[in-house]
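# Understanding the architecture of this molecule
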Protein chains: 4
Amino acid sequence: MEIISPIITPFDKQGKVNVDALKTHAKNLLEKGIDAIFVNGTTGLGPALSKDEKRQNLNALYDVTHKLIFQVGSLNLNDVMELVKFSNEMDILGVSSHSPYYFPRLPEKFLAKYYEEIARISSHSLYIYNYPAATGYDIPPSILKSLPVKGIKDTNQDLAHSLEYKLNLPGVKVYNGSNTLIYYSLLSLDGVVASFTNFIPEVIVKQRDLIKQGKLDDALRLQELINRLADILRKYGSISAIYVLVNEFQGYDVGYPRPPIFPLTDEEALSLKREIEPLKRKIQELVH
Amino acid sequence: MEIISPIITPFDKQGKVNVDALKTHAKNLLEKGIDAIFVNGTTGLGPALSKDEKRQNLNALYDVTHKLIFQVGSLNLNDVMELVKFSNEMDILGVSSHSPYYFPRLPEKFLAKYYEEIARISSHSLYIYNYPAATGYDIPPSILKSLPVKGIKDTNQDLAHSLEYKLNLPGVKVYNGSNTLIYYSLLSLDGVVASFTNFIPEVIVKQRDLIKQGKLDDALRLQELINRLADILRKYGSISAIYVLVNEFQGYDVGYPRPPIFPLTDEEALSLKREIEPLKRKIQELVH
Amino acid sequence: MEIISPIITPFDKQGKVNVDALKTHAKNLLEKGIDAIFVNGTTGLGPALSKDEKRQNLNALYDVTHKLIFQVGSLNLNDVMELVKFSNEMDILGVSSHSPYYFPRLPEKFLAKYYEEIARISSHSLYIYNYPAATGYDIPPSILKSLPVKGIKDTNQDLAHSLEYKLNLPGVKVYNGSNTLIYYSLLSLDGVVASFTNFIPEVIVKQRDLIKQGKLDDALRLQELINRLADILRKYGSISAIYVLVNEFQGYDVGYPRPPIFPLTDEEALSLKREIEPLKRKIQELVH
Amino acid sequence: MEIISPIITPFDKQGKVNVDALKTHAKNLLEKGIDAIFVNGTTGLGPALSKDEKRQNLNALYDVTHKLIFQVGSLNLNDVMELVKFSNEMDILGVSSHSPYYFPRLPEKFLAKYYEEIARISSHSLYIYNYPAATGYDIPPSILKSLPVKGIKDTNQDLAHSLEYKLNLPGVKVYNGSNTLIYYSLLSLDGVVASFTNFIPEVIVKQRDLIKQGKLDDALRLQELINRLADILRKYGSISAIYVLVNEFQGYDVGYPRPPIFPLTDEEALSLKREIEPLKRKIQELVH
C-alpha cells in the first residue's frame, strides 16, 4: 500500500517556479510518511509546464529524494523523448506519461505508438497515467501488454476500472488517483496517487495505518472527512485551493498556481479557510 | 459568408516547422478563394506548438497575407500574453484563443478571467474559439458580454448552439467549425472555419457560390460528399489524413504532422487514397 | 418538405385521455397546414401510455384523418405486436417505434430483432424513431438496411447525423425531430417532426412557405424566435409547458399532461405566459 | 451488511410470468443466505412489467417471504399509487421506485413531487432507487431530506457518490447496485442489491463471511472472479445471460426474459456456458 504524492509546483507571482519551496514541500511530505513523489502530474500543473520546467522540477526534487516518478507527457513527442533521455542517467523509480489529450478521436494506435516510443528509449520502468476526464482517452489494457509497464495511475471514479487493469496486466502495480476513493484503493490496489497528500499527508498515512491495524471503520471515517473536504475544494477550483491549504495545514508557504489556473483571491482564500475550519478541527482530533 | 482556413502546420520528419511549405500552402488557399487564415488552430496543431513556433507561424504567414486570425491559446498565460503583445504591432484581423483545457472542473470565472486578460492587453479584436469536445469547456455567452468580441468560432455539431451565440451576442460574428455542417453554417451564420479547406478549398468555395446563386440542392450535394469524406478520414486520424490529401488534391507537399499526431504510414496513405478515389472523381466533376 | 406534428395527448385531472380534445386539436393542426400526425410520440407521452390508450388515440385520430404515423413502441414486444396487428386493418401512413430504452447496454442485435419483428408482422411501412437522448440507443443505419423502412424520425441536435441516414439509406425519408433545427431540416431533409407544431403550427408552416419562396433570411428569423421560445420552455419542463401554450396560442383547452409529467401550477403557467409574451407578439407580427 | 437480490422475473415463451418458477427461485435465494428480495427491479424487468404483473410478482413472493422491497415505479403515477395502496395492507420491508425516465430534462421538482406523492400515500418506508445510467436522472440528496426515506439503492460505479448519500442523509441505509463493486460496498455501505445474487448467491454471501472474518484478500479474490464474469455476461446482454446461468449454477429452470429483452439463442447459451466454464470451476473451489 504505497502513498504517492502528485506534488504541486509552487510558482511566484510572476509565474516562475519556486524551486526552494518545491524542495521544502517535498521534504515535509516524505517526513510525514509519503512513499514517493509523482513529479509534473496534473496537480503539479504538468501539462502547463515547459520542457525546461519539467526538467527543473525533477532536478530540484532529485536533491531531496530518488523516490521519484517523472511525468514527461507532452503534445510534442520530441520534448517527451528529450526528457526521457535526460532522466535515463538518474536513479529514479520510473518515468510516466499521461496519454495525448486535447485532440479528439485520435486512433487508438497513436496511443500505442506514443507509449512504445517512450518505452523504447527509456532505461526506467514505465508508469502509465490514465486520466480520461482530462485527456479524453481511456487507455485500454490491450495496448500495454507488450510494454515494460511497472505501474498504472488510474484517475477514475470507477474502482472496477482500476481492478480491470490488475486483472489484465498481472504483476503491474495499480494506483487509483482519486482523493474520494483512497479508502477503497488502499483496500484493493497497490496504493494511491492522491493530490490531497499535499496538504493532509498525515490523514492519508493514518488511513493506511488504520487499515493495516484492521480498524476499517476508523479509516472509513477519515475518508468521509476527505470527501467533505473534496466537496468544498471543488467550488474554489481544487488545485488552486490546495496551495492555500498547504499553508493552512502544513504551515509553510508554497506560493501560487500559474494562470490560467488562477490563484484564489484573498477573499476566496479566507472564505475557503472558514468553510473548512470545522473539518480541520475534526481531522486534527482524529489524526493526533 | 466567410470561409476561413484553420491552416495545417507543415513539419519535416524531425518535427521542425517547414516555413516555406506553410507559405506556399497559404498562398494557394487564398488563390482558391479562402477569405482568411486561422493560425495555430487545432488542425494547425496549435496546442502542440511552442510559443516560438506559434510566433514563427504568424510571422511566416504575415509575409503572405494580413487576413490572419492569430490563435494564442496556452496553459501558460504568460506565454499567451507575450504572443498577444507580439501581435499588437501587426496589422491582422484579430487574436483568438481556445479556452483552457485538460484540467477538469475549473471554475467558470477562470475562463472569464483568462479572456479578460487577453482582451485587456490586445490592440486587436478578440475571436473566441469554443471547442468543448477538445477542451472540456463550453464557453457561455454570459462571460463574453462585456468583452470586445468580434467573432466566435464554435466547433460544435449542434447548430442551435452556434445560433445561441448570435442571439445572445448581437453584432458578434459566429462561425461554425465543423466540416460536416458547412452547408448549414453558410445558410445561417457568418461563415465557417473548416479544416477541409486545407485540401478541398474549391469545394467549399463552390458551396458558397451555389448558395449565393440560390442553388441550394447542389450545395447540399457537395455537403454530402464532404460528409462521406469525413467518415473516411476519421478512420485514419483526421488531421494526419489531411497532410496526405493536400498533396493528393492540391498537388504539393506539406510534409507531416508531428507525433503524437503521427503521420500516416505509407501503407495507410495508400489505403486512404484508394478509399477516397471515387469521391475525388465525383468532386472534380462537380467543381469543374 | 413535410411538417409532421407529434401530437400531445390531452388528459383530464384524473389522468384519463380526453378523446374529444385530442380530435379538436388534430383538426386544428391539419387546418393550419400540418401534413400528418405522429401518434403516441414522446410529446404525446407515448412511453407513458398503456397499450389500450395507444390504441384509443389511434382510433380517435382516425376519425379525423388517415395521415397518421402510429407509434407503437413498448418494453413489452407482445404489446407492440398487438398494436401493429390492430393497425394493419387501417389505412394509415405507417407504424413507428422508438427503440427499447431504460435498459442499458442491450446488444445491438436486440434492436435489430425488435424492428425485424415489427416489420415481419406489419402491413404498413415502417418509420424508425431514433431518440438517443431518451432511449440511450443510437440506431445504426446498418441494422435498417434490410428492413422496409419508409422514414426515420431522428431526434438529434447533430444534422450531420440525420444526413448520415440519408446517405446510407437511399430512398428513406429522414425527418429531424428538434424544434431548434427546423430551418435546417427543411433545407436539407424530408421535413420535421416538431413538438412546437402543437402550439405554433402557423410559424412552422410559414417557415416552409418562406423557404419555398427563397426567403431564407425571414425563415431564419422565425427559427431564432423558436429557439428563444425553446430556451424558456425548457425551464418549465417543455412538454408540460406545451399544454399551457396550446391554449395561449390556439385558443382551446387541451387539458393536462399526466404525472410524473406534472402539469404546471397556476403560478408557473402565469409566469410562463408572461415570459413568452414579447415573443408571442413578435410571432404574430411575423406570421400575419 | 445486507445482501439483497433484485430477483429476475421468469417468463414462459409466450411472455407470461411463471409464478411458480419465481417462488422456487426466491426460496432458493433465501436458503442460500440472501437477506431480502427487491421485487420488480431492473433485473426483474420492472419497467417492462404491467401494473398487474408487478402486483402479481409481489403476491407470489409474499407467499415465500415478507422480506420484500416492492418496486412500483412507472411513467403513470396513477399506476404507482394503486400499487402503493395495494401494498399498504401487506407486511413488507418497504416500497421503492426508480425515478421517472425516458423523458429528458424533466425539472428536478418533478422528481421531488413524484417521491412526495409516493411517500404521502404509503404506510411503508421508502427505498429510493437511483440508477442514472438507466433513467437519465441522478437523484440529489437535497430532494430526499424531508421524506421518510429508509434506504437508497444507488446503481452507480462511483462509490464516492454512494457515500455522498450517507453523508447527506444520516440514518438512511445506502446500498450500491453494481456487481463489480460488491466488495467495496460491503466494506463501506449498508450492503448491496446485486443482480448476480440470482445465479451465484453463495459467492456474495461468502464474500460477506470473509469480510466479517477479516479475510479481505480472499473477499477481493472473489470480487475479481465476479468482475471477470461481468465482462463475459455483458457481451451477451447481462440480464438475458442471467436466466441461462441460474440454471447452470443453481440447477433449476427460470424460463426466459421477455422481448425486447430477448432470450439467448441455444447457440448463444452454449457459447456463454463454455466461456464461463473455467470461472465456474474456480468459483466452486473457492466457495466450497
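Predicted model, so just to flag it, every value in this text is computed and none were measured.

Calculation rules
- Residues numbered from 1 in each chain as written.
- Chains lettered and ligands numbered in written order.
- Predicted model: local features only at pLDDT ≥ 70, side-chain atom pairs only at ≥ 80, totals over all residues.
- Heavy atoms only, no water.
- Axes fitted to C-alpha atoms, helices over the stretch in contact; angles between N-to-C directions.
- Helix = DSSP H or I, 4+ residues; strand = E, 2+ residues; numbered from the N terminus.
- Parallel < 35°, antiparallel > 145°, perpendicular 65-115°, else oblique.
- Left-handed = near helix turned anticlockwise from the far one by under 90°.
- Contact = heavy atoms within 4.5 Å.
- UniProt positions renumbered as here; feature names shortened; annotations may be inferred.
- Buried < 20%, exposed > 50% of the residue type's maximum accessible area, 1.4 Å probe, protein only.
- Buried area = accessible area lost by both parts, 1.4 Å probe.
- Salt bridge = Lys/Arg side-chain N within 4 Å of Asp/Glu carboxyl O.
- Polar contact = N/O pair within 3.5 Å; in protein donor to acceptor, adjacent residues only side chain to side chain.
- Nonpolar A, V, L, I, M, F, W, Y, C, P; charged D, E, K, R; others polar.
- Phe/Tyr/Trp six-rings, centres within 6.5 Å; stacked < 30°, edge-to-face > 60°.
- Lys NZ or Arg CZ within 6 Å of the ring centre and 35° of its normal.
- Least-squares fit on C-alpha atoms with pLDDT ≥ 70 in both.
- Pairing = 2+ DSSP bridges.
- Expected span 1.5 Å × (residues − 1).
- Arc of directions from axis to C-beta.

Moving on, we come to the packing of helix H8 (residues 201–212) of chain D against helix H9 (residues 216–236) of chain D. All names here are of chain D. Contact geometry for H8 and H9: axes closest at 8 Å, N-to-C directions at 160°. Taken as axis vectors, H8 and H9 run roughly antiparallel relative to one another. Handedness of the crossing formed by H8 with H9: left-handed. Between H8 and H9, the residues in contact are Val 203, Ile 204, Lys 206, Gln 207, Leu 210 and Ile 211 and Leu 216, Asp 218, Ala 219, Leu 222, Gln 223 and Ile 226, respectively.

In the numbering adopted here, UniProt assigns the feature "site: Proton shuttle" to Tyr 129 of chain A. On the secondary structure map, Tyr 129 of chain A appears in strand S5 (residues 126–130). For Tyr 129 of chain A, a relative accessible area of 2% translates into the label buried. For Tyr 129 of chain A, the contacting residues outside a window of four places in its chain are Phe 38, Thr 42, Gln 71, Ser 96, Ser 97, His 98, Ser 99, Tyr 115, Ile 139, Lys 153 and Thr 155 of chain A together with Tyr 102 of chain B.

Quick look at the interface of chain B and chain A now. Across the contact, 42 residues belong to chain B and 42 residues belong to chain A. A buried area of about 3500 Å², summed over both sides, lies between chain B and chain A, and 67% of it is on carbon and sulfur atoms. When the buried area of chain B at its contact with chain A is split by residue, Tyr 102, Pro 260 and Phe 262 of chain B rank highest and sum to 22% of it. Remark: the boundary between chain B and chain A carries 2 salt bridges. Two residues, Glu 268 of chain B and Lys 109 of chain A, come together in a salt bridge whose shortest N-O distance is 2.4 Å. The interface formed by chain B and chain A holds 8 residue pairs in polar contact (both at pLDDT 80 or more) in total. Within the residue set of the side of chain B that touches chain A, elements represented by two or more residues are helix H3 (77–88), helix H4 (108–121), helix H5 (132–135), helix H9 (216–236) and helix H10 (238–250) of chain B. In terms of residue class, the side of chain B that touches chain A is built from 25 nonpolar, 11 polar and 6 charged.

The feature "binding site: substrate", as annotated in UniProt, sits at Thr 42, Thr 43, Tyr 129, Asn 130, Tyr 131, Lys 153, Asp 154 and Thr 155 of chain A in this numbering. Of the residues just listed, which span 114 residues, no C-alpha pair is farther apart than 14.3 Å, and they cluster in one region. Inspection of the secondary structure puts Thr 42 of chain A in the loop between strand S2 (36–39) and helix H2 (51–62). Of the residues examined, Thr 42 of chain A reaches a relative accessible area of 7% and is grouped as buried. Once residues within four sequence positions are removed from consideration, Thr 42 of chain A is found in contact with Pro 47, Tyr 129, Tyr 131 and Ile 239 of chain A together with Tyr 102 and Phe 103 of chain B. Here Asp 154 of chain A lies in strand S6 (residues 149–154). Discounting residues that sit within four places of it in the chain, Asp 154 of chain A has contacts with Asn 130, His 161, Ser 162, Tyr 165, Tyr 175, Asn 176 and Gly 177 of chain A.

We now examine the pattern of salt bridges. By the definition in use, this model includes 68 salt bridges over all chains. A salt bridge links Glu 224 of chain A to Arg 221 of chain A; the shortest N-O distance between them is 3.3 Å. Here the residue Glu 224 of chain A and the residue Arg 221 of chain A both occupy positions in helix H9 (residues 216–236), the gap between them amounting to 3 residues, near one helical turn. Notably, a salt bridge pairs Glu 202 of chain C with Lys 32 of chain C, separated by 3.1 Å at the nearest N-O pair. Taken together, the residues Glu 202 of chain C in helix H8 (residues 201–212) and Lys 32 of chain C in the loop between helix H1 (19–31) and strand S2 (36–39) connect sequence positions 170 residues apart. The exposure class assigned to Glu 202 of chain C is partly exposed, which follows from its relative accessible area of 21%.

Applying the stated criterion to the full structure yields 44 aromatic pairs over all chains. Ring geometry for Tyr 131 of chain A versus Tyr 102 of chain B: centroids 6.3 Å apart, planes at 85°, classification edge-to-face. Of this pair, Tyr 131 of chain A sits in the loop between S5 and helix H5 (132–135) while Tyr 102 of chain B sits in the loop between strand S4 (94–98) and H4, which puts the two residues in different chains. As far as burial versus exposure is concerned, Tyr 131 of chain A and Tyr 102 of chain B are alike and both buried. Connected via pairs of aromatic rings, a cluster forms that spans Phe 38, Tyr 101, Tyr 102, Phe 103, Tyr 129 and Tyr 131 of chain A together with Phe 38, Tyr 101, Tyr 102, Phe 103, Tyr 129 and Tyr 131 of chain B. For Lys 280 of chain B, the ring lying beneath its charged end belongs to Phe 249 of chain B, and the centroid distance is 5.9 Å. The ring of Phe 38 of chain D carries Lys 153 of chain D above its face, with NZ or CZ at 4.3 Å from the centroid.

One finds no contact linking chain A with chain C; the least C-alpha distance across the pair is 17 Å. With no contact between them, chain B and chain D keep their nearest C-alpha atoms 17 Å apart.

A few words now on unusual backbone geometry. Cis peptide bonds are those with omega within 30 degrees of zero, and the linkage from Pro 259 of chain C to Pro 260 of chain C qualifies with 10°. Examined against the element boundaries, Pro 260 of chain C turns out to sit in the loop between helix H10 (238–250) and helix H11 (266–287). Of note in this structure, Asn 40 of chain B is not a glycine but carries a positive phi near 70°. Checked against the element boundaries, Asn 40 of chain B lands in the loop between strand S2 (36–39) and helix H2 (51–62).

This part covers the relation of the copies chain C and chain B. The two copies are related by a screw motion: chain C maps onto chain B through a turn of 180° and a shift of 0.0 Å along the axis, at an RMSD of 0.0 Å. Here the symmetry operator amounts to a two-fold rotation axis. Ranked by how close their C-alpha atoms come to the rotation axis, the residues of chain C are headed by Asp 158 of chain C, at 2.6 Å. When you check the interface residues of chain C against chain B, 100% turn up at the interface there too, and the contact is symmetric in its surfaces.

Once that is clear, we can look at the sheet that holds strand S3 (residues 68–71) of chain A. Paired through backbone hydrogen bonds, the strands of a sheet run either parallel or antiparallel to each other. All names here are of chain A. Pairing within the closed barrel is parallel, and its 8 strands lie in the order S1-S2-S3-S4-S5-S6-S7-S8. Each neighbouring strand pair of the sheet contributes to a mean axis angle of 25°, computed without reference to strand direction. Strand direction decides the pairing type here: strand S1 (residues 2–6) and S2, joined by 3 bridges, are parallel. Across the sheet, residue Ser 5 finds its bridge partner in S2, namely Ile 37. In this fold helix H4 (residues 108–121) packs onto strand S4 (94–98) and S5, with an angle of close to 165° to the strand it touches most, S4.

Here we come to the side chain of Thr 65 of chain D. Residue and element names in this part refer to chain D. Counting through the fold element by element, Thr 65 comes out in the loop between helix H2 (51–62) and strand S3 (68–71). With a relative accessible area of 11%, Thr 65 lands in the buried category. Polar contacts involving the side chain of Thr 65 include one to the main-chain amide nitrogen of Lys 67, which spans 3.0 Å.

Turning our attention to helix H3 (residues 77–88) of chain D. Residues and elements named next belong to chain D. In this model H3 runs 16 Å from its N-terminal to its C-terminal C-alpha over 12 residues, within 8% of the 16 Å that 1.5 Å per residue would give. Along H3, the residues that are buried comprise Leu 77, Val 80, Met 81, Leu 83, Val 84, Ser 87 and Asn 88. For H3, the angular spread of the buried residues around the axis is 165°, confining them to a single face. Close packing links the buried residues of H3 with H2, S3, strand S4 (94–98) and helix H4 (108–121). N-cap assignment for H3: the residue whose side-chain oxygen lies 2.9 Å from the backbone N of Asn 78 is Asn 76.

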